[in-house]
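An overview of the molecular structure
Spelled out from the first residue to the last, the chains are:
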Amino acid sequence: MQEKVEMLCKEIEEKISNITNLKDLTDLKAEYMGKKGIITELQSGIKDAVDKKEYGMQVNTVRTTFNEKYENKLKELQEEELNRKLESEKIDVTLPSKRIRQGSKHPMTRIQEELEDLFVSMGYDVYDGPEIETDENCFQKLNLPIGHPARDAQDTFYLENEYENYLLRSQTSTGQVRVMEANVEKGPIRVVCPGKVYRRDDDATHSHQFMQMEGLVIDENVSMADLKGTLETFCKKLLGEKTDVRFRPSFFPFTEPSVEVDATCFKCGGKGCPLCKQTGWIEVLGAGMVHPDVLKMSGYDPEKYQGFAFGTGLDRFAMFRFGITDIRTIYGNDVRFLNQFTKGDEHNETK
Ligand code: PHE
């Protein structure tokens, strides 16, 4: 028995030392320690042994030898495996990284944010209304009943079928109606409504989609003088302190009286150039005192409240600020165009 045990131990030692992978080691464990394994069988021989104590001790020696060698080999192989993994998954930190291209804000977003900041600093809220609107909000409640000739200047896109009554808003003046109606207390309002608007136009200076910003102030004792002061401040802040502003009588169905506001040409400074058609002036805003009927239609008492409203096209400011000559490029999504507006430009803007 002693001899047999020594041989077995030697055999185990040899076999385990020759093993080079985990699978073979597991197989070997089954061969010796499995249900029908060599050591297991040897152990069950105890019942026929003469000296059971001695027999048990001998079997134990084989078992301990196996376990010890097995555990050592297992550790060794696991370590090898780990090293192999570390080696193959190594990251070379000296490799040059992939270049991450930083995007930049769209020129229209920049102009919109600049104008919002300006009005917020003057105490205005910002309201962002929907682009799909009802005929009521876009026209009727702004004193443009069905069939009114002034609708022609704002022909837009209409949604058919289940949305029969809906259209793409042709002006942000819809924001006026929405803000007035939402104000349940029918109290004072000071708000700007920037956003996209749509019309059936398409040439170098007119796009079927463009951006406006509407302003609405409602309070007691609001007069044309407040409107003039506000818009003068706005134009000077946006276009430069030297900018002159002039008001021309005009017509909008929702304001009375109505004006169009011109600023000194931002290209030639008032001397006359192709941009201002040699007049020295550029039209920048439509404005006026909110028509009493418009106030009434949205639940305001025109005896108590007055208001002024103005609307301006943001694209014109962007064209001036960034030297864009064709409005359609603003909405073309051409990356060659957009790439020109890198972040650094924000600090070099001329006012
Ligand atoms: N909504 C008008 C337009 O698009 C501009 C405007 C707004 C005029 C507010 C007067 C008051 O032309």
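Residues numbered from 1 in each chain as written. Predicted model: local features only at pLDDT ≥ 70, side-chain atom pairs only at ≥ 80, totals over all residues. Heavy atoms only, no water.

**Thoughts on the overall build of the protein chain**
Each helix and strand in the protein chain was counted, giving eleven helices and ten strands. Relative to the compact-globule value of 20 Å for 351 residues, the protein chain shows a C-alpha radius of gyration of 42 Å, a clear excess of over 25%. With the C-alpha coordinates of the protein chain rotated into their principal frame, the extents come out at 125 × 45 × 40 Å. For the protein chain, restricting intrachain contacts to residue pairs at least 6 apart in sequence, the fraction spanning at least 24 positions comes to 67%. Split by element, the accessible area of the protein chain, about 20800 Å² in all, is 50% carbon and sulfur. (Helix = DSSP H or I, 4+ residues; strand = E, 2+ residues; numbered from the N terminus. Rg over C-alpha atoms; globule rule 2.2 N^0.38 Å. Contact = heavy atoms within 4.5 Å. Areas by Shrake-Rupley, 256 points an atom, 1.4 Å probe, with all protein chains shown as cover.)

**As for the domain arrangement of the protein chain**
Taken domain by domain, the protein chain comprises domain 1 (2–85) and domain 2 (107–349). Taking only C-alpha atoms, the centre of domain 1 and the centre of domain 2 are 89 Å apart. (Domains from an automatic or database assignment.)

**Focus: the packing of aromatic side chains**
One pass over the full model with this rule turns up twelve aromatic pairs. Aromatic pair Phe119 and Tyr124: ring centres 5.1 Å apart, planes at 70°, arrangement edge-to-face. With a relative accessible area of 1%, Phe119 lands in the buried category. The class of Tyr124 is buried, set by a relative accessible area of 6%. Look at Phe234 and Phe317: their rings are 6.1 Å apart centre to centre, the planes differ by 85°, and that puts the pair in the edge-to-face class. Of this pair, Phe234 sits in helix H8 (residues 224–239) while Phe317 sits in helix H10 (residues 314–322), placing them 83 residues apart in sequence. For Phe317, a relative accessible area of 2% puts it in the buried group. Taken together through their ring pairs, the aromatic side chains of Phe119, Tyr124, Phe234, Phe308, Phe310 and Phe317 make up a single cluster. Positioned above the aromatic ring of Tyr124, the side-chain terminus of Arg190 is 6.0 Å from the ring centre. (Phe/Tyr/Trp six-rings, centres within 6.5 Å; stacked < 30°, edge-to-face > 60°. Buried < 20%, exposed > 50% of the residue type's maximum accessible area, 1.4 Å probe, protein only. Lys NZ or Arg CZ within 6 Å of the ring centre and 35° of its normal.)

**Here's the deal with the pattern of salt bridges**
In this structure the tally under the stated criterion is 19 salt bridges. A salt bridge links Asp27 to Lys23; its shortest N-O distance comes to 2.9 Å. Taken together, the residues span about one helical turn, with Asp27 and Lys23 both in helix H2 (residues 22–33) at a distance of four residues. Looking at Asp27, the relative accessible area reads 41%, which means it is partly exposed. The exposure class assigned to Lys23 is exposed, which follows from its relative accessible area of 56%. Its salt-bridge partner being Glu181, residue Lys141 comes within 3.2 Å of it at the nearest N-O pair. You can see Lys141 sitting in the loop between helix H6 (135–138) and strand E3 (158–159) and its partner Glu181 sitting in helix H7 (residues 174–182), a full 40 residues away along the chain. Among the residues examined, Glu181 registers a relative accessible area of 34% and is labelled partly exposed. (Salt bridge = Lys/Arg side-chain N within 4 Å of Asp/Glu carboxyl O.)

**Digging into helix H4 (residues 52–88)**
Between its first and last C-alpha, H4 extends 53 Å over 37 residues, near the 54 Å set by a 1.5 Å rise per residue. Of the surrounding elements, those touching the buried residues of H4 are helix H1 (2–18), H2 and helix H3 (38–44). (Expected span 1.5 Å × (residues − 1).)

**Digging into the sheet that holds strand E2 (residues 132–134)**
Here three strands make up an open sheet; going across it, the order is E2-E4-E3 and the pairing antiparallel. Only two strands of the sheet have a single partner each, and these edge strands are E2 and E3. In this structure, E3 lies alongside strand E4 (residues 166–168), joined through two bridges in antiparallel fashion. Residue Tyr158 lies in a different strand from E4, and its bridge partner there is Leu167. (Pairing = 2+ DSSP bridges.)

**Some details on the site of the ligand**
In the vicinity of the ligand lie 15 residues, with Gln171, Ser173, Arg199, Gln212 and Glu214 positioned nearest. Within the side chain of Ser173, one N or O atom sits 2.9 Å away from a nitrogen atom of the ligand. Here Arg199 contributes a side-chain N or O atom positioned 2.9 Å from an oxygen atom of the ligand. Coverage of the ligand by the protein amounts to 91% of the 320 Å² it exposes when considered alone. Taken together, the elements giving at least two residues each to the shell around the ligand come down to strand E6 (209–219), strand E9 (281–290) and strand E10 (306–313). For the shell around the ligand, the element with the most residues is E10, which contributes three residues. Taken together, the residues that form the shell around the ligand break down as five nonpolar, eight polar and two charged. (Near = heavy atom within 4 Å. Polar contact = N/O pair within 3.5 Å; in protein donor to acceptor, adjacent residues only side chain to side chain. Nonpolar A, V, L, I, M, F, W, Y, C, P; charged D, E, K, R; others polar.)

**Here's the deal with the side chain of Asp315**
Relative to the helices and strands, Asp315 is located in helix H10. Buried within the structure, Asp315 lacks any salt-bridge partner; its nearest side chain of opposite charge belongs to Arg316, at an N-O separation of 7.7 Å. Engagement of the side chain of Asp315 in a polar contact is seen with the backbone nitrogen of Met211, the distance being 2.7 Å. Look past the residues within four positions of Asp315 in its chain and what remains in contact with it is Met108, Phe210, Met211, Ile327, Ile330 and Tyr331. (Lys, Arg positive; Asp, Glu negative; His and termini not counted.)

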